[in-house]
Amino acid sequence: MYRDRAGYAGYRKIGYEFVEGNQMTQRILLTGGAGYIGSHTYVALVEAGYDVVILDNFSNAARDVPDRLAQLVNHNVQVIDADVLDRVKLDQVFADTRFDAVVHFAAFKAVGESVKEPLAYMQNNIGGLVTLMQAMAAAGVFRLVFSSSASVYGNNAQLPIPETAELSFGNPYGHSKLVCEQIIEQTVASDPRWTVGVLRYFNPVGAHESGLIGEDPAGIPDNLMPFIAKVAAGELPHISVFGGDYPTPDGTGVRDYIHVCDLADGHVLSVQSLFREGKGHLVNLGTGRGYSVLEMIAAYAKASGRDIPYQISPRRPGDAAASYADPRLAKDLIGFGAKRDLEDMCRSSWAWIVRHAQKTGA
Ligand code: WQD
């Protein structure tokens, strides 16, 4: 059994007493692990046999997520209620527990919000990474998986987009991710002890098949899929399709939507590669297939059985006409390939909405 950490400030145990894992079991710290992608990755890492500890300040995650995760993994979920900007707390975490690697999700990720609050995004996303890496190095932990984004590719990238495409940014969120990647590159070059996996996500959507965890944005969603879901659930009257005159098959924006559980599997493969190969990688996590806004609306209507009214509206500033990944390098370097299709994405999202609405009485 783990020695009792009752005296550990901010340490909370969920469910029953945590049973010490196999001494050979590798332990992962998952920052932002109560969030949308983080919670799905938590389940995938536990199912892959890792001991996983979540560190989250719950600024963008419901406080009952760990309890729901405990139902999914059927054992105690360890949660440290902390902010990656808090170096003192991070030093305490690494002093208290041996970690073999860190998967870093904790960051702000709303493009629209980043335009209104650029300094908050720079401080949180860049400052958080720097503080985390400093605390890791001080504790002798040098394996890191970093959550990056396709938003580091400019809007005119060649299609499909390879990892070698020109890097740029169209908003403070994408800028913060690009700067983080550059900081990681320089840190790895300065100290060969670092092995880092950089994962550039395209458009994560969908939910775990249980319907217990999923995307749960506060307020009016920024992203397409949660907005469609709220229209399907009757919470919003219609969806505005941002632009119907793009040079795409039906004139609406095309994106590479990837099931969040495929994304989670990609993180497991990234962590396994760091341990196995002892070297880092930088890869896209996408399907290589783009779908238009109208295709997404039609697929969701079919999966939910709900009518989804929409209106063609003016283009959203900063949007690219089309963006989808070249997925080959992820396959070559870490053996990643998306398995779930558009129907899985929409069906799982709708199952989450139905179950979550029932739970919240919405
Ligand atoms: C998708 C498509 C819109 C809303 C951003 C970030 C990316 C990632 C995902 C964090 C576009 C259209 C959208 C709506 C619409 N975030 N749309 N009506 O902008 O591709 O990517 O979110 O990692 O890093 O850059 O995603 O879902 O906002 O838009 O027509 O109400 O849906 O124009 O074509 P995006 P999105």
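Everything numeric here is computed off the predicted structure, so don't read it as measured data.

Enquirer: Would you mind going over unusual backbone geometry in detail, with residue names and values included?
Expert: Residue Pro-160 follows Leu-159 across a cis peptide bond; omega there is -10 degrees. Positionally, Pro-160 belongs in the loop between strand S6 (143-149) and helix H6 (172-190). Not every positive phi belongs to a glycine, and Phe-58 is a case in point at roughly 60 degrees. Structurally, Phe-58 can be placed in the loop between strand S3 (51-56) and helix H2 (65-73). You can call Phe-58 buried: its relative accessible area is 9%. Not every positive phi belongs to a glycine, and Asn-74 is a case in point at roughly 60 degrees. Relative to the helices and strands, Asn-74 resides in the loop between H2 and strand S4 (77-81). Note on Asn-74: relative accessible area 70%, which makes it exposed.

Enquirer: Describe the side chain of Ser-148, naming the residues involved and giving the relevant values.
Expert: Within the secondary structure, Ser-148 sits in strand S6. Ser-148 sits in the buried class, given a relative accessible area of 1%. In this structure the side chain of Ser-148 is engaged in a polar contact, spanning 2.6 Å, whose partner is the side chain of Glu-181. Excluding residues within four positions of it along the chain, Ser-148 makes contact with Lys-177, Glu-181, Val-198, Leu-199, Arg-200 and Tyr-201.

Enquirer: Explain the site of the ligand to me, using residue names and the numbers behind them.
Expert: Within the structure, the ligand sits among 20 residues, and Ser-149, Leu-224, Ser-240, Arg-255 and Asp-319 are positioned closest to it. At 3.0 Å, a side-chain N or O of Asn-203 approaches an oxygen atom of the ligand. With respect to the ligand, the side chain of Arg-316 contributes an N or O atom lying 2.9 Å from an oxygen atom. Here the ligand loses 91% of its free accessible area of 680 Å² to cover by the protein chains. Counting residues per element, the ones that place at least two in the shell around the ligand are helix H7 (224-232) and strand S9 (239-242). For the shell around the ligand, the element with the most residues is S9, which contributes four residues.

Enquirer: Would you mind going over helix H5 (residues 118-139) in detail, with residue names and values included?
Expert: The first and last C-alpha atoms of H5 sit 31 Å apart over 22 residues, in line with the 32 Å expected at 1.5 Å per residue. The largest bend along H5 measures about 25 degrees and falls at Gly-127. Within H5, the full set of buried residues consists of Tyr-121, Asn-124, Asn-125, Ile-126, Gly-128, Leu-129, Thr-131, Leu-132, Met-133, Ala-135 and Met-136. Against strand S2 (27-31), helix H3 (87-96), strand S5 (101-104), helix H4 (111-116), S6 and H6 lie the buried residues of H5. Following H5 by one or two positions, Gly-140 has its phi on the positive side, about 75 degrees.

Enquirer: Pulling in residues and values, what's your account of the pairing of S3?
Expert: The buried fraction of S3 amounts to six of the six residues, a majority that puts the element mostly inside the structure. Every second residue of S3 is oriented toward a common face, with Asp-51, Val-53 and Leu-55 on one face and Val-52, Ile-54 and Asp-56 on the other, all of them buried. Inspection of the sheet shows S2 paired to S3 by five bridges, in the parallel sense. Following the sheet pairing, Ile-28 is matched in S3 by Val-52.

Enquirer: Give a detailed account of the environment of Ser-240, specifying residues and quantitative values.
Expert: Structurally, Ser-240 can be placed in strand S9. If sequence neighbours within four positions are ignored, Ser-240 has contacts with Gln-311 and Ser-313.

Enquirer: Go over the pairing of S4, please, and point to the residues and values.
Expert: Burial of S4 is extensive: four of the five residues sit out of reach of the surface. Pairing of S3 with S4 involves four bridges; the strand directions are parallel. Residue pairing across strands places Ile-54 opposite Val-79, the latter belonging to S4. Crossover connection from S3 via H2 to parallel S4: handedness right-handed.

Enquirer: Outline the packing of aromatic side chains, supporting the account with residue identities and numerical values.
Expert: One pass over the structure, following the stated rule, counts six aromatic pairs. Plain terms: the ring middles of Tyr-50 and Phe-275 are 6.2 Å apart, the flat faces sit at 20 degrees to each other, and that makes the pair stacked. Residue Tyr-50 is located in the loop between helix H1 (36-47) and S3, and its partner Phe-275 is located in helix H8 (residues 260-277); the two are separated by 225 residues in the primary sequence. Judged by its relative accessible area of 10%, Tyr-50 falls in the buried class. A cation sits over an aromatic face here: Arg-315 above Tyr-246, 4.1 Å from the ring centre.

So, how was this worked out
- Residues numbered from 1 in each chain as written.
- Predicted model: local features only at pLDDT ≥ 70, side-chain atom pairs only at ≥ 80, totals over all residues.
- Heavy atoms only, no water.
- Helix = DSSP H or I, 4+ residues; strand = E, 2+ residues; numbered from the N terminus.
- Buried < 20%, exposed > 50% of the residue type's maximum accessible area, 1.4 Å probe, protein only.
- Polar contact = N/O pair within 3.5 Å; in protein donor to acceptor, adjacent residues only side chain to side chain.
- Contact = heavy atoms within 4.5 Å.
- Near = heavy atom within 4 Å.
- Areas by Shrake-Rupley, 256 points an atom, 1.4 Å probe, with all protein chains shown as cover.
- Expected span 1.5 Å × (residues − 1).
- Bend = angle between axes of the 7 residues up to and from the residue.
- Pairing = 2+ DSSP bridges.
- Right-handed = clockwise from strand over helix to strand, strands pointing away.
- Phe/Tyr/Trp six-rings, centres within 6.5 Å; stacked < 30°, edge-to-face > 60°.
- Lys NZ or Arg CZ within 6 Å of the ring centre and 35° of its normal.

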